[in-house]
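Architecture and fold: a report
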Amino acid sequence: QVQLVESGGGLVQTGGSLRLSCAASGRSVRLLSMGWFRQAPGNERECVAAITASFGPTYYRDSVKGRFTISIDNAKNTVSLQMNSLKPEDTAVYYCAAKYGSSTTRQYDYGFWGQGTQVTVSS
């Protein structure tokens, strides 16, 4: 069993920054690959970034490349998403997710989910 607790959402203006964090607990947490997904009203949940456990390959959605950075802190069992140069189209509920094995961009591949945190970017 794995539990994920998110923090760091909020309201910012265009061009601002936020850092989302997700603390993982449970069995074999250092073996977890992590993803960040977001869902805006009326839209499908989409993968924003993902990373394979223990400093493996990373993935970024094209629209966030160069602006977002995903990282894992194994000592603290956390995954973070640093979001810079935020745009209104980044507004969504952001979810962290975890799975064993290599990271993917598919929602259904992830068995463990955080509670979600709202990110709102005003224009």
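Residues numbered from 1 in each chain as written. Predicted model: local features only at pLDDT ≥ 70, side-chain atom pairs only at ≥ 80, totals over all residues. Heavy atoms only, no water.

Another aspect to go through is the packing of aromatic side chains. Overall, the coordinates contain five aromatic pairs when judged by the stated rule. Residues F37 and W113 carry aromatic rings whose centres are separated by 5.1 Å and whose planes lie at 55° to one another, so their mutual orientation is tilted. Taken as a pair, F37 in strand β4 (residues 32–39) and W113 in strand β10 (residues 112–113) lie far apart in primary sequence, 76 residues in all. Exposure remark for F37: the relative accessible area of 0% places this residue in the buried category. Pairing Y100 with F112 gives two aromatic rings, centres 6.1 Å apart and planes at 85°, and the pair type is edge-to-face. Placement of the pair is Y100 in strand β9 (residues 92–100) and F112 in strand β10, with a sequence separation of twelve residues. The class of F112 is buried, set by a relative accessible area of 18%. Put simply, the rings of F37, Y95, Y110 and W113 pair up and form one aromatic cluster. (Phe/Tyr/Trp six-rings, centres within 6.5 Å; stacked < 30°, edge-to-face > 60°. Helix = DSSP H or I, 4+ residues; strand = E, 2+ residues; numbered from the N terminus. Buried < 20%, exposed > 50% of the residue type's maximum accessible area, 1.4 Å probe, protein only.)

So, to be careful, I would describe these as geometric facts and stop short of saying anything about function.
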